[in-house]
Amino acid sequence: AQKITQTQPGMFVQEKEAVTLDCTYDTSDQSYGLFWYKQPSSGEMIFLIYQGSYDEQNATEGRYSLNFQKARKSANLVISASQLGDSAMYFCAMRERLTGGGNKLTFGTGTQLKVEL
Amino acid sequence: DTGVSQDPRHKITKRGQNVTFRCDPISEHNRLYWYRQTLGQGPEFLTYFQNEAQLEKSRLLSDRFSAERPKGSFSTLEIQRTEQGDSAMYLCASITGQGKEQFFGPGTRLTVL
């Protein structure tokens, strides 16, 4: 079974600074996908960024980038120029195939990010 | 495109009562998922629909839980004889057949007293 590990329960960063949220994963599949979602206190899961296992370049989406190190099985999220609105829970997730043909997401335990003035 | 919606947003019930939640996915999305999220944890997969067919159920989904998607559009999740351990956020997500990211609804927060 696949497993996602997020070892940072909480992180603090000053406004306008960059922050890295750690994620390691374990899978025996050769083809897989890695995701980061943001969950504000309102509860909705907001998709941030995706990295496919065969993608040669690290994914970027605006202020979000994914530092993908396949040999280390890590997929860290980097948020540049932090804003107060970035304060939220951040989840790393991996796509796992289902026997019925779809894919489910396996999530880590999350990192609570607090952006300070 | 109004996104995934869920109703109700909050539900408080007494132990032993039945509850039903509804999820309306994005209209062109044929795949629908239910997840459960307890405090301090990431969401955990419960069940998956492709159109109206329920193709996968997690072992987390006990016999007291049942989910339907009768016309391949909205879905309902029913919990019978609720227990305090059922208290959680229930999240619905949808995706197209070719999409990569699942789109989540705002969730239904269940509290069982």
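The following refers to the structure shown. The structure presented is a predicted model; accordingly, all values stated were derived computationally and were not measured.

## Observations regarding the interface of chain A and chain B
Part 1: Taken together, the contact pairs 22 residues of chain A with 22 residues of chain B.
Part 2: Interface area, chain A with chain B, both sides summed: about 1700 Å², of which 58% is carbon and sulfur.
Part 3: A per-residue breakdown of the area chain A buries against chain B is headed by A:Met45, A:Leu98 and A:Phe107, which together make up 22% of the total.
Part 4: In this structure, the connection of chain A to chain B is made through zero salt bridges.
Part 5: Viewed at the interface, chain B and chain A are joined by six residue pairs in polar contact (both at pLDDT 80 or more).
Part 6: Of all the secondary-structure elements, those providing two or more residues to the side of chain A that touches chain B are strand S5 (33-39), strand S6 (46-52), strand S10 (88-97) and strand S11 (103-107) of chain A.
Part 7: Examining the composition of the side of chain A that touches chain B, we find that four residues originate from one element, S11(A), more than from any other.
Part 8: Tallied by class, the residues present in the side of chain A that touches chain B amount to nine nonpolar, 10 polar and three charged.

## Concerning the state of the cysteines
Residue and element names in this part refer to chain A.
Part 1: One pass over the structure, following the stated rule, counts two disulfides over all chains.
Part 2: Here Cys 23 connects covalently by a disulfide to Cys 92, the sulfurs 2.0 Å from one another. Since a negative S-S torsion denotes a left-handed disulfide, the Cys 23-Cys 92 link at about -65° is left-handed. Of this pair, Cys 23 sits in the loop between strand S3 (19-21) and strand S4 (24-26) while Cys 92 sits in strand S10, and the two are 69 residues apart along the sequence.

Criteria and cut-off values
- Residues numbered from 1 in each chain as written.
- Chains lettered and ligands numbered in written order.
- Predicted model: local features only at pLDDT ≥ 70, side-chain atom pairs only at ≥ 80, totals over all residues.
- Heavy atoms only, no water.
- Contact = heavy atoms within 4.5 Å.
- Buried area = accessible area lost by both parts, 1.4 Å probe.
- Salt bridge = Lys/Arg side-chain N within 4 Å of Asp/Glu carboxyl O.
- Polar contact = N/O pair within 3.5 Å; in protein donor to acceptor, adjacent residues only side chain to side chain.
- Helix = DSSP H or I, 4+ residues; strand = E, 2+ residues; numbered from the N terminus.
- Nonpolar A, V, L, I, M, F, W, Y, C, P; charged D, E, K, R; others polar.
- Disulfide = S-S within 2.5 Å.

By themselves, these observations are geometric and do not establish any function.
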